[in-house]
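Remarks on the overall topology
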Amino acid sequence: MNDKKTMEQIISYAKRRGFVFQGSEIYGGMAGVYDFGPYGVELLNNIKKSWWRANVQLRSDYYGLDSAMFKHPQVWEASGHTSGFSDPMSECKSCNTRLRVDKALEKVGVAADEKMSEDEINKLFDDNKSKIKCTKCGNSDFTPAKAFNLLVKSNLGDFTNKGESPVYLPGEACQGIYLNFKNVVDSMHPKIPFGIAQINKAFRNEISPRNFLFRTREFEQADTQYFVRPEENKEAFEKIKEDRWSWYVNDLGINPENMRWKQHDNLVFYAKDAWDIEYNYPTYGFDEVEGIHDRSDYDLSVHSKASGVDLSYVDQVAGEKYIPWILETSMGLGRIFLAILSDAYTVEEMDGAERTVLKLSPELAPVKVAVLPLLKNKPELVEKAKEVFTMLNKVMVSEYAETGTVGKRYRKQDEIGTPHCVTIDFDTLEDDTVTLRDRDSGEQKRVKIAELLNGLA
Ligand code: ATP
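Rules used throughout
- Residues numbered from 1 in each chain as written.
- Predicted model: local features only at pLDDT ≥ 70, side-chain atom pairs only at ≥ 80, totals over all residues.
- Heavy atoms only, no water.
- Pairing = 2+ DSSP bridges.
- Helix = DSSP H or I, 4+ residues; strand = E, 2+ residues; numbered from the N terminus.
- Axes fitted to C-alpha atoms, helices over the stretch in contact; angles between N-to-C directions.
- Contact = heavy atoms within 4.5 Å.
- Phe/Tyr/Trp six-rings, centres within 6.5 Å; stacked < 30°, edge-to-face > 60°.
- Buried < 20%, exposed > 50% of the residue type's maximum accessible area, 1.4 Å probe, protein only.
- Core = buried A, V, L, I, M, F, W, Y, C linked by side-chain atoms within 4.5 Å.
- Salt bridge = Lys/Arg side-chain N within 4 Å of Asp/Glu carboxyl O.
- Expected span 1.5 Å × (residues − 1).
- Arc of directions from axis to C-beta.

**A short note on the sheet that holds strand β22 (residues 433-438)**
Spatially, β20-β19-β21-β22-β23 is the arrangement adopted by the five strands of the open sheet, whose pairing is mixed. Each having just a single partner strand, β20 (398-400) and β23 (444-448) make up the two edges of the open sheet. Strand-to-strand twist of the sheet, defined as the mean angle between neighbouring strand axes without regard to direction, takes the value 25°. Pairing of strand β19 (residues 369-373) with strand β21 (residues 420-424), which is carried by five bridges, proceeds in the parallel orientation. In the strand pairing of β21, Val371 is matched with Val422. Sheet strands in contact with helix α12 (residues 379-393) are β19, β20 and β21, and its direction is about 165° off that of β19.

Structure (structure tokens):
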């Protein structure tokens, strides 16, 4: 469980070890924007690879996609984002700090329904204001809540500099899938049920970005949309839920005790069912990593209507034509990255000393093996170590490290989650064997260089 870890530890560790940096840090940083450092980008790519493998490459009924981020402005009109993609915002009257009202109400145990009007939200807000404190100055005097639209605008193609007819940055990744539904059907001729999957960026003008990678203004989403016959949603929905849970536990190796399901009580008008997978983040507690939604025929219907292009599926064999229903999964890459770091981050005792170790599954580890010459001032050891490093690096991401004592180098590799270290010593020069050390147990054994790859597999 994560009770003994704090998010502060994870944040400072992530920076110290080159995983995550504040965006534009040398200029004072940008709220809700983060950069992934050298080990962070490796971990992020490994998460994406695992997701893509499970959701596209190992599935005969799913197709991959990478749609452009810029989309026709009408897309966001039709999807309802220009009018309805908003959060209720208020400001502290003392210090002008902005507050996202639905989340503030949630914190004091009052659920604000997504469907509520501004007046209804304000009634709830007024009734509970005394319990809500400004995060900056602690006062409880706020302006009335107003709907604040989260879409981020660009001036792509606008040479007037007037900001009229903005082209939006994507507020969510899934719209690219709806736009390409017909293209995939016409080019790949899939039989229903089938899915389309993609990983893409999303941008939201979050009122109060917070909690490190949990709520940012720029993030990536890994989405699948599964197209089924109308009303044939229930069984497929349950199967998707099972598959997603299994990916977290069996593919990523996340401790299931740190995960739970949450069903939505208040559904938007077109939705038939909605569940979140929540992770128990250190300090923050349980919160959403992924949403799994039964969206009925809403998305393809609105885009059919607005574009004038019929997005029905034609089943030649059954002689049927219909708008498919959609079962969606949408996971934030930043949130799963943070869950994985939190789950793997471990401070423990080994050989009478405290060590920090990132107990990542080998598939996720940024570096798979580190090669260390026992001493850096012995050219014959260095040469041999570089030879072994070059051999290993051809097949897996490897790191060569020669500075500091071997013990210190082991500790550094433990901290970034490297499953194995290979040490080259004077015996290596005699008999071509090396010491192979296991990250989790600290166990060391002698292995022939020729057999090293088998030992690391
Ligand atoms: P929340 O209620 O936390 O604002 P949401 O329900 O609006 O999230 P969705 O629109 O369903 O989120 O987006 C799908 C997924 O995208 C979420 O489960 C989450 O992992 C991720 N996500 C959404 N907003 C953000 C954000 N601001 N920063 C990072 N990830 C996000």
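From this point, the discussion proceeds with the structure in view.
**Quick notes on the packing of aromatic side chains**
Inspection of every chain in the model, using the stated rule, returns 22 aromatic pairs. Ring geometry for Phe19 and Tyr39: centres 6.0 Å apart, planes at 40°, overall tilted. With Phe19 in the loop between α1 (7-16) and β1 (20-22) and Tyr39 in helix α2 (residues 38-57), this residue pair connects regions lying 20 residues apart in the sequence. The same class applies to Phe19 and to Tyr39, which are both buried.

**Overview of the nonpolar core**
If you look at the biggest cluster of nonpolar residues, it comprises 52 residues, and the most contacted ones within it are Phe19, Tyr248 and Ile336. Tallying contributions element by element places helix α11 (residues 333-344) first for this core, with eight residues.

**Focus on the pattern of salt bridges**
For the structure shown, the criterion picks out 35 salt bridges. Among the salt bridges present, the one from Asp126 reaches Lys129, with a minimum N-O distance of 3.2 Å. Asp126 gets classed as partly exposed once you look at its relative accessible area, which sits at 48%. Between Glu328 and Arg295 there is a salt bridge, and its shortest N-O distance comes to 3.8 Å. Taken as a pair, Glu328 in strand β16 (residues 325-332) and Arg295 in the loop between β13 (285-294) and α10 (298-307) lie far apart in primary sequence, 33 residues in all. Within this structure, Glu348, Arg355, Lys359, Arg411, Asp414 and Arg437 form a network of salt bridges that share partners.

**Considerations on α12**
The end-to-end C-alpha distance of α12, which contains 15 residues, comes to 20 Å, matching closely the 21 Å that a straight helix rising 1.5 Å per residue would cover. Buried within α12 are the following residues: Leu381, Val382, Lys384, Ala385, Val388, Phe389 and Leu392. The arc enclosing the buried residues of α12, seen along the axis, measures out at 165°, which places them on a common side. Exposed residues lying more than 90 degrees from the buried face of α12 are Pro379 and Glu383. Elements that come into contact with the buried residues of α12 comprise β19, β20, β21, α14 (426-431) and α15 (452-456).

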